[in-house]
Amino acid sequence: MALLSRLSIRGFRNIERADLAFPPEGVVVVGDNGQGKTNLLEAVYYFQLLRSMRGARDQDLIHFGANAFHIRAQVGLGGEHELSAAFERRGRKKVVADGAEAKRLSSALGSLPSVVISPRDVELIIGAPSERRRFLDVVLALTSRRYLAALQKYRGSLARRNAALRIVGRGVETEESVAVWEPALAESGAVLLAARVAWMERNEGEFARLAGAIGEPDVMTIRYSTTVANTADAHDELLETFARKRHIDIRRGLTHVGPHRDDVEIAIGGRELRTFGSGGQQRTAAITLRLLEAATIKAHEGSDPVLLLDDPFAELDVRRSAHILGLLHATTTGQTILTVPRASDIPPDLTRLPRWHVRDGIIVGDVGTIEDAGGAA
């Protein structure tokens, strides 16, 4: 399983300095809101996506008054490895694995396999389609190099076609400057579509089962929604659609069809969950998606990811919380890092974990789990 043994943090968010030794089973971090609990999880998760799990810019992760942040981790994943990530305010991002700098950041993605579950995940259900597309892109890019390469190619081709659309719209270039980007867009778009549809088809039954196991009596379903009628022959259809819609796109200055406009439809009892579901039902669906993410990463890595639980049971009733914990234990037996605002919020099944406390970015805890005195200065 993925195992975080040590973590060194310098100048990250409100954590000025911390040197932490993590027990193999994990730890509970207790602290009021705004004290640094989520910042700690964000530092751990940085080695998964090499960017903020909350969508912040790298420069906004730097501690106030500092010029850079630096995170170093010792992890066990088929052996001991040392990872580091750093970003200077007016410099560049640097990622090093076992002493060798990553020449391409994409090659270092997923260095510490982990999954975050938090109340913010409800945005996967009630948020814009881009939230659900991003979920699929992250899960699939972390578990398929082919998907990651296609995603990078698609985004690059899309940006160039959109730029050409605006130039042609001003009468500067001919329509051919738009068409030249469409074959690459169709080729990479077909790869994205095929992988997304395949993932949904593999997991639609499990999604309904897990939602029911959490305690939802009404049937929940997921379905990939796309304008492509024949996803088995998506390349030709996308190429034809780009050509057919080109005049409209030139007038509007944007590409209005393709995988970047698709969505994931999530329903309960046949009705749209984002509109008709209760808060508890929406949280149930969001956590179910995260459970599927953990299972996908585990299947790819052959081992359990680190579970980062950011006050995950807030606003959930005791029954659903207990069912979720049971499913987490059944899905993954890996290291768990749980954050809660109060010790009384620690679920009974996790009270065995060592306990740390955080205040104003300073982390203190049980003897033997904080590496240097005070944990942070």
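Whatever comes next refers back to the structure up there.
Rules used in this analysis
Residues numbered from 1 in each chain as written. Predicted model: local features only at pLDDT ≥ 70, side-chain atom pairs only at ≥ 80, totals over all residues. Heavy atoms only, no water. Pairing = 2+ DSSP bridges. Helix = DSSP H or I, 4+ residues; strand = E, 2+ residues; numbered from the N terminus. 1 Å grid on protein atoms, 1.4 Å probe; cavity = no way out; pocket = protein on both sides within 12 Å on 5 of 7 lines; lining within 4 Å. Points joined across faces, edges and corners; volume = space filled by probe spheres on them. Nonpolar A, V, L, I, M, F, W, Y, C, P; charged D, E, K, R; others polar. Axes fitted to C-alpha atoms, helices over the stretch in contact; angles between N-to-C directions. Buried < 20%, exposed > 50% of the residue type's maximum accessible area, 1.4 Å probe, protein only. Contact = heavy atoms within 4.5 Å.

Student: Tell me what's going on with the sheet that holds strand β10 (residues 263-268), and back it up with residues and numbers.
Tutor: Taken together, three strands build an open sheet; the order of strands is β9-β10-β11 and the sheet is antiparallel. Of all the strands in the sheet, just β9 (220-225) and β11 (271-272) have a single pairing partner and so form its edges. The sheet contact formed by β10 and β11 spans two bridges and is antiparallel. Counted as the bridge partner of isoleucine 268 is arginine 271 from β11.

Student: Explain empty space enclosed by the protein residue by residue, including any values.
Tutor: Scanning the model with the defined rule gives one cavity of 30 Å³ or more in all. Of the volumes computed, that of the largest cavity is approximately 50 Å³. If you go around the largest cavity, the residues you meet are Leu124, Arg132, Phe135, Leu136, Trp199, Met200, Val264 and Leu289. If you list the elements that add at least two residues to the lining of the largest cavity, you get α3 (129-143) and α6 (182-214). Looking at which element gives the most residues to the lining of the largest cavity, the answer is α3, with three residues. Split by residue class, the lining of the largest cavity holds seven nonpolar, no polar and one charged.

Student: Now, about the sheet that holds strand β13 (residues 336-340): what can you tell me, with residues and values included?
Tutor: If you walk across this open sheet you meet the six strands as β8-β12-β13-β3-β14-β15, and the pairing is mixed. Each edge of the sheet is formed by a strand with only one pairing partner; in this case those strands are β8 (114-117) and β15 (362-365). Taking each pair of neighbouring strands and ignoring which way they run, the sheet shows an average axis angle of 20°. In this structure, strand β14 (residues 355-359) lies alongside β15, joined through four bridges in antiparallel fashion.

Student: Give a detailed account of the side chain of arginine 196, specifying residues and quantitative values.
Tutor: With respect to the helices and strands, arginine 196 occurs in helix α6. For arginine 196, a relative accessible area of 2% translates into the label buried. Beyond its immediate sequence surroundings of up to four residues, arginine 196 is in contact with Arg133, Leu136, Asp137, Leu140, Tyr147, Tyr224, Pro259 and Asp262.

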